[in-house]
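An overview of the molecular structure
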2 protein chains.
Amino acid sequence: MATGVSVAVVGVTGAVGQTTLKVLEERKFPVKDLRVFASERSIGKTVTFKGETLRVDKVGPGAFTGVDVAFFSAGSAQSREYAPQAVKAGAMVVDKSSAFRMDPAVPLVVPEINGAAARRHQGILACPNCTTIVTVMPLKPLHDIGRLRRVIATSYQAVSGAGVQGVEELTRQTLAWARGEAMTPKFFPHQIAFNVIPHIDKPDAGGYTAEEMKLVNEVRKILELPDLPVSPTTVRVPVFTAHSIAVNAETEVKVTSAQAREAFAGFPGLRLWDEPGEGRYPMPVTVEGQDDCFVGRVREDLSLASGLNFWVAGDQLRKGAALNGVQIAELLIR
Amino acid sequence: MATGVSVAVVGVTGAVGQTTLKVLEERKFPVKDLRVFASERSIGKTVTFKGETLRVDKVGPGAFTGVDVAFFSAGSAQSREYAPQAVKAGAMVVDKSSAFRMDPAVPLVVPEINGAAARRHQGILACPNCTTIVTVMPLKPLHDIGRLRRVIATSYQAVSGAGVQGVEELTRQTLAWARGEAMTPKFFPHQIAFNVIPHIDKPDAGGYTAEEMKLVNEVRKILELPDLPVSPTTVRVPVFTAHSIAVNAETEVKVTSAQAREAFAGFPGLRLWDEPGEGRYPMPVTVEGQDDCFVGRVREDLSLASGLNFWVAGDQLRKGAALNGVQIAELLIR
């Protein structure tokens, strides 16, 4: 592929699709040619890549002929329908949806953590859920020095994690408030402006939501710790971009704050901002637009000898989605 | 006191002081006469109580002469200075500040939980921190059936928990955003609109903030469990009123979700909203203005046999402050 890679982006008009184009351009991904697809209602819209205007089409016969890498971020149903077609046509699929993540034949990859797993792919590679990626980034270096015994994760998730419509909803409700008008929910189940909603996706019989169970199952698969006890609570907050997660982790071996900070600071893709006295710690508005994940508020657990509390935040459209997907492709085209 | 109670409110122009007047009126607290105090810069302002306009004064000589009950919500420094004067003048002080909370001679009271402790007062009664009150409300019935072994609390705190200036800051920044202008921080250390700040009050050497340590120490004192392991993370969110807390609790005796729900629903001052499939769970916008605390998202812990996750929210100006203070006074005047 020295002469370049033929790329397709499916779901190009969505928040992740748009960010995928940006990341491909920023990272000088060797794009030879680019096809952009979205749903029926986006046909005829245009997107821009490296100054060129491209017309959005829907996936049709021959869509993936000659494509080397197809990035999918159009949702699970679309991935289930079209990803196998793309593989059949000879493309490698990097899928951002949840369709194939727990399929034992599909590697679930965060390149800094389990890049080697990518090489075992059979055509499809899955990108974890955005909250999973941001959470698992500091868990890996912590596990390497202390061996994880239990994880409790409590999230503060941005509206763009739910896509462009989430951003539109927070914008629309906030502007309505500014005009003194009612903040009617249309997309989220309740008002999101000036509110927090402790409910993302459908609940199961045990009361956990699909978003919470993704976090449990995906963290286990990525870390190759199939029995790791994980206790999740996922919450939507009125933030545009970047997810934050308060993590309590118990380890087999005691890890001091100093050891944890050193491990976090030295892990690729992770940066330490931990000077609370100077007001320095990760926040959505400071991590938005950044490629790395940021960790801070590292504290030894007051309630447990081998416990640690910390706070991690990351741009869930970048490392939590588009960037991680492009990094997966980079692993395999190098 | 059959003919009524002579009342003083110190810090009457603040968010909690204003709510105290509202609550006294709503609950038909037998106010015989009312004196209202605030800081130098509020002198001459007026407040309304039962349709009457009262002029705000600063605390001066004789301020508490003849006063039966004085509600303090002017901050720790003011409480340290004036509460002993009020006690000397014969008043019973209900203090909302942190000044006396950990004083062994001062009862720290949530009436539904440890109302009996109030009777041991020596003039001053302390009202816990707002986040503590909302968190401890469901912990008590859970402890009664399962005996608490460890608590991990992660908060989503409203700006009005920081007072009127917090509300003004979120309002000002959001309106600036609506006009396309910069959102400059003036009161909180960082932008709060469309952001979350994992830092409330000063950090200590171990990295925990004063707000986090209040939660640890006050929960222990209220529940009379001086060694209870508590692991806190407190976070400010862009919500006007009502604090929410994601709680993970470990008990000596296994408590099922059904048992916990029953215990929560039956506890005075606590209500169960736990039908996530129907979108029913506590949120800031639905609990604001309500006297009770609300609990939902009750889930048996996936990571521990005797663990439980739940979500509790309460109006921190009411049950978290003003209402709890008035309830303390009611215990003692009945």
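What comes next is a walk through the structure. As the structure is a computational prediction, the values presented were derived from the model and not from experiment.

Some thoughts on the pattern of salt bridges
For the coordinates displayed, the defined rule picks out 36 salt bridges over all chains. Put simply, Asp 274 of chain A and Arg 261 of chain A hold a salt bridge, and the shortest N to O gap is 2.5 Å. You can see Asp 274 of chain A sitting in the loop between β11 (270-272) and α8 (284-287) and its partner Arg 261 of chain A sitting in helix α7 (residues 257-265), a full 13 residues away along the chain. Assessed through its relative accessible area of 13%, Asp 274 of chain A is described here as buried. Put simply, Glu 275 of chain B and Arg 280 of chain B hold a salt bridge, and the shortest N to O gap is 3.3 Å. Using a relative accessible area of 37% as the deciding quantity, one classes Glu 275 of chain B as partly exposed. The network of salt bridges with common partners includes Glu 26, Asp 291 and Arg 318 of chain A.

With respect to the relation of the copies chain A and chain B
Once turned by 180° and shifted 0.0 Å along the axis, chain A lies on chain B with an RMSD of 0.0 Å. The operation mapping one copy onto its partner corresponds to a two-fold rotation axis. In this assembly the copies share their binding face: 100% of the residues contributing to the interface of chain A also contribute to that of chain B.

As for the sheet that holds strand β5 (residues 69-72) of chain A
By definition, the strands of a sheet pair up through backbone hydrogen bonds, in either a parallel or an antiparallel sense. Residue and element names in this part refer to chain A. Read from one edge of the open sheet, 5 strands run β2-β1-β5-β6-β7, paired in parallel fashion. The two strands at the open ends of the sheet, each matched to only one other strand, are β2 (31-37) and β7 (124-126). Each strand of the sheet is rotated relative to its neighbour by a mean of 20°, with strand direction disregarded. In this structure, β5 lies alongside strand β6 (residues 92-95), joined through 4 bridges in parallel fashion. Its bridge partner lying in β6, Ala 70 is registered against Val 93. Relative to strand β1 (residues 5-10), helix α1 (residues 15-26) is tilted by about 160°, and along the sheet it contacts β1, β2 and β5.

Things to note about the sheet that holds strand β2 (residues 31-37) of chain B
All names here are of chain B. What the 5 strands build is an open sheet, ordered β2-β1-β5-β6-β7; its pairing is parallel. Each having just a single partner strand, β2 and β7 (124-126) make up the two edges of the open sheet. Each adjacent strand pair in this sheet contributes to an overall mean axis angle of 20°, direction not counted. Packed on one face of the sheet, helix α1 (residues 15-26) meets β1 (5-10), β2 and β5 (69-72) and runs near 160° to β1.

Some remarks on the interface of chain A and chain B
Counting residues at the interface gives 61 residues for chain A, matched by 61 residues for chain B. A buried area of about 4,800 Å², summed over both sides, lies between chain A and chain B, and 64% of it is on carbon and sulfur atoms. In this structure, the connection of chain A to chain B is made through 6 salt bridges. The partner of Arg 297 of chain A in a salt bridge is Glu 212 of chain B, with the nearest N and O atoms 2.7 Å apart. Linking chain A with chain B are 37 residue pairs in polar contact (both at pLDDT 80 or more). Put simply, the parts of the chain that give the side of chain A that touches chain B at least two residues each are β8 (148-156), α5 (164-178), α6 (210-223), β9 (230-233), β10 (243-251), α8, β12 (293-300) and β13 (307-314) of chain A. Examining the composition of the side of chain A that touches chain B, we find that 6 residues originate from one element, α5 of chain A, more than from any other. Of the residues contributing to the side of chain A that touches chain B, the split by class is 34 nonpolar, 20 polar and 7 charged.

Quick word on the nonpolar core
Nonpolar side chains tend to gather and get buried jointly when the protein is soluble and globular. In terms of nonpolar packing, the biggest core is built from 89 residues, with Phe 64 and Phe 310 of chain B touching the most fellow members. Ignoring any residue separated from it by four or fewer positions in sequence, one finds Phe 64 of chain B in contact with Ala 8, Val 10, Arg 35, Phe 37, Val 59, Ala 70, Phe 72, Tyr 82, Gln 85, Ala 86 and Ala 89 of chain B. Core analysis: the second largest hydrophobic core is formed by 87 residues, Val 12, Ile 113, Leu 139 and Leu 142 of chain A among them.

Things to note about the packing of aromatic side chains
Taken as a whole and assessed by the stated rule, the structure comprises 21 aromatic pairs over all chains. Taking 5.8 Å as the distance between ring centres and 25° as the angle between the ring planes, the aromatic pair formed by Phe 64 of chain A and Phe 72 of chain A counts as stacked. What links up through ring pairs into an aromatic cluster is the set Tyr 156 and Trp 311 of chain A together with Tyr 156 and Trp 311 of chain B.

Topic: the packing of helix α4 (residues 130-146) of chain B against helix α9 (residues 318-333) of chain B
Residue and element names in this part refer to chain B. It is the contact of α4 with α9, at a shortest axis distance of 8 Å, that shows an interaxial angle of 95°. With respect to their mutual orientation, α4 and α9 come out roughly perpendicular. Packed against α4, whose contacting residues are Cys 130, Ile 133 and Met 137, the element α9 presents Lys 319, Gly 320, Ala 321 and Asn 324 at the interface. The residue makeup of the contact of α4 with α9, split by class, is 4 nonpolar, 2 polar and 1 charged.

Here's the deal with α9 of chain B
By the largest-angle criterion, Asn 324 of chain B marks the main kink of α9 of chain B, which is about 40°. With 16 of 16 residues buried, α9 of chain B is to be regarded as a mostly interior element.

Rules used throughout
- Residues numbered from 1 in each chain as written.
- Chains lettered and ligands numbered in written order.
- Predicted model: local features only at pLDDT ≥ 70, side-chain atom pairs only at ≥ 80, totals over all residues.
- Heavy atoms only, no water.
- Salt bridge = Lys/Arg side-chain N within 4 Å of Asp/Glu carboxyl O.
- Helix = DSSP H or I, 4+ residues; strand = E, 2+ residues; numbered from the N terminus.
- Buried < 20%, exposed > 50% of the residue type's maximum accessible area, 1.4 Å probe, protein only.
- Least-squares fit on C-alpha atoms with pLDDT ≥ 70 in both.
- Contact = heavy atoms within 4.5 Å.
- Pairing = 2+ DSSP bridges.
- Axes fitted to C-alpha atoms, helices over the stretch in contact; angles between N-to-C directions.
- Buried area = accessible area lost by both parts, 1.4 Å probe.
- Polar contact = N/O pair within 3.5 Å; in protein donor to acceptor, adjacent residues only side chain to side chain.
- Nonpolar A, V, L, I, M, F, W, Y, C, P; charged D, E, K, R; others polar.
- Core = buried A, V, L, I, M, F, W, Y, C linked by side-chain atoms within 4.5 Å.
- Phe/Tyr/Trp six-rings, centres within 6.5 Å; stacked < 30°, edge-to-face > 60°.
- Parallel < 35°, antiparallel > 145°, perpendicular 65-115°, else oblique.
- Bend = angle between axes of the 7 residues up to and from the residue.

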